[in-house]
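Structure assessment
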Amino acid sequence: MRDRTAARVGGALAVTALMVLTTLTGCSPGHERAPAGKESASARPSQARWQPEPGTDWQWQLSGKLDTSVDAPVYDIDGFDRTAAQVAGLHREGRKVICYLSTGAWEDFRPDAARFPTAVLGKGNGWKGERWLDIRRTEVLEPLMETRIAMCAKKGFDAVEPDNMDGYRNRSGFPLTAADQLRYNRLIARMVHRHGMAVGLKNDLPQIPELVGDFDFAVNEQCAQYEECEELTPFVKAGKAVFHAEYELPAAKFCAQSRKLRLSSLRKEYELDPWRETCAEG
């Protein structure tokens with residue numbers, strides 16, 4: 001499905017002391033803060049975070065038994081389902097590890113699902129048990145997402161892939177605007193950065209010009225199929241990786257362009273199991 005992660009398999013930690021401190025000092029970036037377009041995502045020096053470069057190979061696995069034998073320097077895996085021990089094992093093999101989270105949609109199979117009030121749950125997003133979130137309600141969502149991001153940090157992840165970050169382009173059940181999405185996406189980026197991790201912009205191609213400075217890399221699905229890959233070039237020009245996957249096109253149909261644009265491209269199955277085909281192979 002376009003603009004969504006293809007498949008996922010289905011605890012929360014306490015809100016960190018850092019969030020409490022920023023709330024007490026009035027520095028927490030919820031809604032009613034600086035206007036969209038004026039906010040900065042960086043709360044820590046960029047040198048403290050991992051910065052993947054264009055063309056970096058990767059593996060994306062969100063279902064099935066984790067296969068650590070894939071020869072890739074970057075793994076993108078589920079933040080809830082995978083353990084700190086698995087992250088540490090990948091680190092011992094010299095890999096960087098990205099924590100997959102859904103930050104724009106509710107999933108009924110997550111251990112913290114009951115903490116989301118009904119008022120912030122919108123229409124289904126096409127996947128069983130999932131509903132869009134009212135991203136305007138940051139006073140509700142910020143502490144919930146802070147807890148999830150803190151979980152990724154505690155498990156030792158190097159980065160976060162926040163998914164469903166384009167609800168304003170979908171029939172969410174809420175009158176979401178582009179400005180709402182910019183504000184929320186920047187909020188998520190700031191929270192990830194506060195925990196010392198890198199953060200990737202998932203899809204949301206129209207807002208790349210406004211958000212490329214707030215995110216450390218991009219994750220994209222099917223830009224070749226929809227002839228949109230050139231829209232990701234601001235990330236590459238900024239020296240930031242674009243981790244890209246196609247599901248329906250054979251590698252021979254998109255790899256030449258991917259190499260030209262310096263994208264980190266894979267052919268994957270919708271299940272996002274261990275199988276992959278890289279452009280180096282195709």
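So, here's what we can say about the structure.

**Here we look at the pairing of strand S2 (residues 74-78)**
- Buried residues dominate S2, accounting for five of its five residues.
- Of the pairings in the sheet, the one linking S2 to strand S3 (residues 96-102) comprises five bridges and is parallel in character. Its bridge partner lying in S3, Asp 78 is registered against Tyr 100.
- Note on the crossover from S2 through helix H2 (residues 84-92) to S3: the handedness is right-handed.

**Observations regarding the nonpolar core**
- Counting 60 residues, the largest nonpolar core has Leu 101, Phe 116, Leu 133, Cys 152, Phe 157, Tyr 184 and Phe 235 as its most contacted members.
- When neighbours within four sequence positions are excluded, Tyr 184 is seen to be in contact with Thr 103, Ile 135, Thr 138, Leu 141, Met 145 and Met 165.
- If you look at the next biggest cluster of nonpolar residues, it comprises 17 residues, including Trp 50, Tyr 100, Phe 243 and Leu 272.

**With respect to the sheet that holds strand S11 (residues 264-267)**
- Taken in spatial order, the nine strands line up as S1-S2-S3-S7-S8-S9-S10-S11-S12 in an open sheet, and their pairing is mixed. Each edge of the sheet is formed by a strand with only one pairing partner; in this case those strands are strand S1 (59-61) and strand S12 (277-278).
- In this sheet, S11 lies alongside strand S10 (residues 242-246) in parallel orientation, the contact comprising four bridges. Bridged to Glu 246 within S11 is Arg 267.
- Sitting on the sheet, helix H4 (residues 178-194) is in contact with strand S7 (159-163) and strand S8 (198-202), with an inclination near 160° to S8.

About the cut-offs
- Residues numbered from 1 in each chain as written.
- Predicted model: local features only at pLDDT ≥ 70, side-chain atom pairs only at ≥ 80, totals over all residues.
- Heavy atoms only, no water.
- Buried < 20%, exposed > 50% of the residue type's maximum accessible area, 1.4 Å probe, protein only.
- Helix = DSSP H or I, 4+ residues; strand = E, 2+ residues; numbered from the N terminus.
- Pairing = 2+ DSSP bridges.
- Right-handed = clockwise from strand over helix to strand, strands pointing away.
- Core = buried A, V, L, I, M, F, W, Y, C linked by side-chain atoms within 4.5 Å.
- Contact = heavy atoms within 4.5 Å.
- Axes fitted to C-alpha atoms, helices over the stretch in contact; angles between N-to-C directions.

Shape is all these values report; function is a separate question.
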